[in-house]
Amino acid sequence: MDFSRCRTDLPILLLYDIDPEWSPDIIDNSLQLADNLRNGLISLGHPVEFICLDNEALEQFLEEYDPANYIVFNWCEGIPGKPNSYALVAQILEKNGFVYTGADALALEFSQDKRQVKKCLADHHIPTPFWEIYETTQSNGWKLFPAIVKPAMEHCSYGISPESLVWSPAELLQRVQFVLDTFHQPALVEEFIDGREFHVTIIGNGKLRVLPIAEMDFSAFSHPENRLCTYDAKFDPASPAYNLIELKLPAPLSPEQQVALEAVSLEAYRVTNCRDYARLDIRLRNTTFYVLDINHNADFSPDTSTALSAEIAGIPYPQLGSLMVNLAAQRHPGFREL
């Protein structure tokens, strides 16, 4: 979509969630981020109404709104009290006739299960680290070390820490047991690609645009277990990783690397049914770019690589939100552009 042709009069229903069990700091931060996004959209001319979902009754919240009159900005991580329920949010929106930003319910449900994502990438011959799923601690003869052990059904690097990197069969099975006991789900074991890591944000449907590519620079760390985008690296300002991983934007890439990275990113975006926008996490070893993860409905708070990449591309934060709404509007019978 041509950003210069975006409508700024589209009415928006901004849907976000607050879980009462979160810490006061997290709740305050979430409220501030939602308010910041709303104010940015209003500054452009969009009429914006809020739904702050703080319990399980999403359908009741939606009852007073006519889906014919709004584009829902789906900034909802899930239903409070129901872990891993962001696909359920989309299902409820679809059931009630709302058009919304980002991936649809099927794509979100698909992305929830890393087994499906990895299989899809492999089926389409898109490089991804070798992997196995462990549902028990029964050894299957894994021999690629170091390896990284992750929960198979989480996102935002939840469950990933320096301890996730293992160096022997005994350590691998110990970490698998930790995942099984802590997260009550299978463990995904992957070959660890100790190389440069890139965040690639793509926007669009049909005609796609790759934003300036970001690199997560781990050069401050000498040990491989610290060269990870862990949960703390993303969300804990007190952690060394949060403060010492440097964001290079745009990433220094040769023309050949740029072409190859964009090609694998675009193919992965398409085959995993991303919609409107997504961020891909990719690592480089030798000359091969390996897709680590596909982040449908990636966080684009102002300090994220997605928002910063858009800024470099000449799309300020409020306009980025408006662009998402305009992309969704193409699916709305009342707001579809003539």
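Our subject is the structure listed above.
Note that the structure is predicted; figures quoted are calculated from it, not measured.

The rules we used
Residues numbered from 1 in each chain as written. Predicted model: local features only at pLDDT ≥ 70, side-chain atom pairs only at ≥ 80, totals over all residues. Heavy atoms only, no water. Phe/Tyr/Trp six-rings, centres within 6.5 Å; stacked < 30°, edge-to-face > 60°. Lys NZ or Arg CZ within 6 Å of the ring centre and 35° of its normal. Helix = DSSP H or I, 4+ residues; strand = E, 2+ residues; numbered from the N terminus. Polar contact = N/O pair within 3.5 Å; in protein donor to acceptor, adjacent residues only side chain to side chain. Salt bridge = Lys/Arg side-chain N within 4 Å of Asp/Glu carboxyl O. Buried < 20%, exposed > 50% of the residue type's maximum accessible area, 1.4 Å probe, protein only.

## Details of the packing of aromatic side chains
Then, in step 1: In this structure the tally under the stated criterion is 9 aromatic pairs.
Then, in step 2: Among the aromatic residues, ring-to-ring pairing joins Phe 73, Tyr 277, Phe 300 and Tyr 317 into one connected group.
Then, in step 3: In this arrangement the basic side chain of Arg 275 is found over the ring face of Tyr 100, its NZ or CZ atom lying 5.3 Å from the centre.

## A word on the environment of Asn 295
Then, in step 1: Inspection of the secondary structure assignment puts Asn 295 in strand β13 (residues 288–296).
Then, in step 2: In terms of polar contacts, Asn 295 uses its side chain to reach the side chain of Asp 281, at 3.2 Å.

## Notes on the pattern of salt bridges
Then, in step 1: Counted under the stated rule, the structure contains 15 salt bridges.
Then, in step 2: Two residues, Lys 95 and Glu 59, come together in a salt bridge whose shortest N-O distance is 3.4 Å. One end of the pair, Lys 95, is in helix α3 (residues 86–95); the other, Glu 59, is in helix α2 (residues 58–62), with 36 residues separating them in the sequence.
Then, in step 3: Of the residues examined, Lys 95 reaches a relative accessible area of 62% and is grouped as exposed.
Then, in step 4: On the accessibility criterion, Glu 59 (31% relative accessible area) is partly exposed.
Then, in step 5: Across the pair Lys 150 and Glu 190 runs a salt bridge whose closest N-O atoms are separated by 2.7 Å. Of this pair, Lys 150 sits in strand β5 (residues 147–151) while Glu 190 sits in strand β7 (residues 187–191), placing them 40 residues apart in sequence. As far as burial versus exposure is concerned, Lys 150 and Glu 190 are alike and both buried.

In short, the description is geometric, and any link to function would need to be established separately.
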